Amino acid sequence: ILAQSLNLTFGLGRLFNLSHIAVYAIGAYATAILSTEQGWGVVPCVLLSMVCSGLFALLIGAISLRLEHDYFAIGSLAFAAVVNALLVNWKSLTRGVLGIPGIPRPEIFAVDFYNNTNFLLLIGCSALIANLLMYLLFRSSFAARLRAQAEHREAAMSLAISIGGVRNQSFVISSVFAGLAGAFFSYYINYVDPSSFGLHEMVFVMSIVIVGRPGSFWGCAAATVFLVLLPEPLR
């Protein structure tokens, strides 16, 4: 989910967004805080994580309207650094480097999701639905407009395509899916801390998109399977 959502902006839109891992972290922390301190259920936690990530994406969109190419990459990296600094230093909310432990597994219809097989089925079905929605996006006119602003900017503007509007929409949509991935990550690990959302994770997710060929939906899916499973036989 995380790699495919990055593929939407970086692959189709050619927007070198290095802050994608930051909105992933926001989704993970939103679920962690709401499920442990507030005792919220899985549905409101996941939905609010997606909303929070989407709202933060508007800040990235504001950066993209003022910066281009390499400058935008640096600006988005700075945004990710700010989010990481908040996770470390806002101790009253995030517990800093100690992280947030004891995140409960989801509770749906009395199914035991502490059983990893059940949890795998839940995440597998959710990933299929999320990827189906993104596949429809990749086949939509929105994807064509996003690709047009990346490859033929002047032609896109002559066709009355709003460059800023398309970019902002792509950031919000991709960040909403990243927030979903972050929520599932919290439920799976049962613990979050700032070290899980560093630059090394951003490099890994971007590597998936690059190996699968940026902008290719099925290439990204195949590269995910390949790069996630690659360490297992080596180990």
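Source: prediction; values computed, not measured. (Residues numbered from 1 in each chain as written. Predicted model: local features only at pLDDT ≥ 70, side-chain atom pairs only at ≥ 80, totals over all residues. Heavy atoms only, no water.)

Enquirer: Explain the overall build of the chain to me, and be specific about the residues and the numbers.
Expert: The secondary structure content of the chain amounts to 12 helices and two strands. Beginning at the N terminus, the succession of helices and strands in the chain can be written as α-α-α-α-α-β-β-α-α-α-α-α-α-α. For a compact globule of 235 residues, the expected C-alpha radius of gyration is about 18 Å, and the chain comes in at 18 Å, within 12% of that figure. When its C-alpha atoms are laid out on the principal axes, the chain stretches across 55 × 35 × 35 Å. A separation of at least 24 residues holds for 76% of the contacts in the chain among residues at least 6 apart in sequence. Summing over all exposed atoms, the chain offers an accessible surface of approximately 11800 Å²; the carbon and sulfur share of this is 69%. Taken together, the 12 basic and 10 acidic charged side chains of the chain have centroids lying 7 Å from each other. (Helix = DSSP H or I, 4+ residues; strand = E, 2+ residues; numbered from the N terminus. Rg over C-alpha atoms; globule rule 2.2 N^0.38 Å. Contact = heavy atoms within 4.5 Å. Areas by Shrake-Rupley, 256 points an atom, 1.4 Å probe, with all protein chains shown as cover. Lys, Arg positive; Asp, Glu negative; His and termini not counted. Charge placed at Lys NZ, Arg CZ, Asp CG, Glu CD.)

Enquirer: Go over the side chain of S53 with me, naming the residues and quoting the values.
Expert: Note on placement: S53 falls in helix α3 (residues 42-66). Each residue touching S53, except ones within four places of it in the same chain, is listed here: V23, I26, G27, S175 and G179.

Enquirer: Summarise the packing of helix α7 (residues 141-151) against helix α9 (residues 163-189); cite the residues concerned and give the values.
Expert: Relative to each other, α7 and α9 sit at 120 degrees, their axes nearing to 10 Å. Classified by the interaxial angle, the pair formed by α7 and α9 is oblique. Pair α7 / α9 crosses with left-handed handedness. When α7 is examined against α9, the residues F142, R145, L146 and Q149 are found in contact with a partner set consisting of I163, V166, R167, Q169, S170 and I173. (Axes fitted to C-alpha atoms, helices over the stretch in contact; angles between N-to-C directions. Parallel < 35°, antiparallel > 145°, perpendicular 65-115°, else oblique. Left-handed = near helix turned anticlockwise from the far one by under 90°.)

Enquirer: I'd like to hear about the layout of surface pockets, residue by residue, with values.
Expert: Each pocket or cavity is described by its volume, and for the largest pocket that value is around 1100 Å³. Lining the largest pocket are 28 residues, with I1, I123, A127, T224 and V228 positioned closest to its centre. Secondary structure elements with two or more residues in the lining of the largest pocket: α1 (2-12), α6 (116-138), α9, α10 (199-211) and α11 (217-229). Of the residues assigned to the lining of the largest pocket, the class counts are 22 nonpolar, five polar and one charged. (1 Å grid on protein atoms, 1.4 Å probe; cavity = no way out; pocket = protein on both sides within 12 Å on 5 of 7 lines; lining within 4 Å. Points joined across faces, edges and corners; volume = space filled by probe spheres on them. Nonpolar A, V, L, I, M, F, W, Y, C, P; charged D, E, K, R; others polar.)

Enquirer: Go over the side chain of T31, please, and point to the residues and values.
Expert: Positionally, T31 belongs in helix α2 (residues 20-36). Looking at T31, the relative accessible area reads 0%, which means it is buried. Dropping the residues within four chain positions of it, T31 is found in contact with C45, V46, S49, A183, S186 and Y187. (Buried < 20%, exposed > 50% of the residue type's maximum accessible area, 1.4 Å probe, protein only.)

Enquirer: Lay out the nonpolar core in plain terms, naming residues and giving numbers.
Expert: Counting 68 residues, the largest nonpolar core has Y24, V192 and F197 as the members making the most contacts within it. With sequence-adjacent residues up to four places away left out, Y24 is seen in contact with L2, A178, A181, G182, F185 and F197. (Core = buried A, V, L, I, M, F, W, Y, C linked by side-chain atoms within 4.5 Å.)

Enquirer: Kindly report on the pattern of salt bridges, identifying the contributing residues and their values.
Expert: In this structure the tally under the stated criterion is one salt bridge. The salt bridge involving E232 is made with R235; its shortest N-O contact spans 2.6 Å. (Salt bridge = Lys/Arg side-chain N within 4 Å of Asp/Glu carboxyl O.)

Enquirer: Tell me about the packing of aromatic side chains, residues and numbers included.
Expert: Geometry of an aromatic ring pair is reported as the spacing of the ring centres plus the angle between the planes. Per the counting criterion, the structure on display carries 12 aromatic pairs. Site record: aromatic cluster; members linked through ring pairs are Y24, Y29, F185 and F197. Across the ring face of F119, the terminal group of R105 is positioned such that the distance to the ring centre comes to 4.2 Å. (Phe/Tyr/Trp six-rings, centres within 6.5 Å; stacked < 30°, edge-to-face > 60°. Lys NZ or Arg CZ within 6 Å of the ring centre and 35° of its normal.)

Enquirer: Hey, could you go over α11 for me, with residue numbers and the actual values?
Expert: Between its first and last C-alpha, α11 extends 19 Å over 13 residues, near the 18 Å set by a 1.5 Å rise per residue. Listing the buried residues of α11 in full gives F217, G219, C220, A223 and L227. Summarising the axial view, the buried residues of α11 lie within an arc of 150 degrees, below the 170-degree limit, and thus occupy one face. Looking at where α11 begins, the residue whose side-chain oxygen comes 3.0 Å from the main-chain nitrogen of G219 is S216. (Expected span 1.5 Å × (residues − 1). Arc of directions from axis to C-beta. Polar contact = N/O pair within 3.5 Å; in protein donor to acceptor, adjacent residues only side chain to side chain.)

Enquirer: Can you explain α7? Please cite residues and give values.
Expert: Of all the residues in α7, the buried ones are F142, A143, L146, A148 and Q149. In this structure, the buried residues of α7 make contact with α1, α6, α8 (153-158) and α9.

Enquirer: Describe in detail unusual backbone geometry, supporting the description with residues and values.
Expert: Glycine aside, the phi torsion of most residues is negative, and most peptide linkages are trans. Phi is positive for F109, which is not a glycine, with a value near 50 degrees. Among the structural elements, F109 can be located in the loop between β1 (107-108) and β2 (111-112). Phi is positive for A110, close to 60 degrees, though the residue is something other than glycine.

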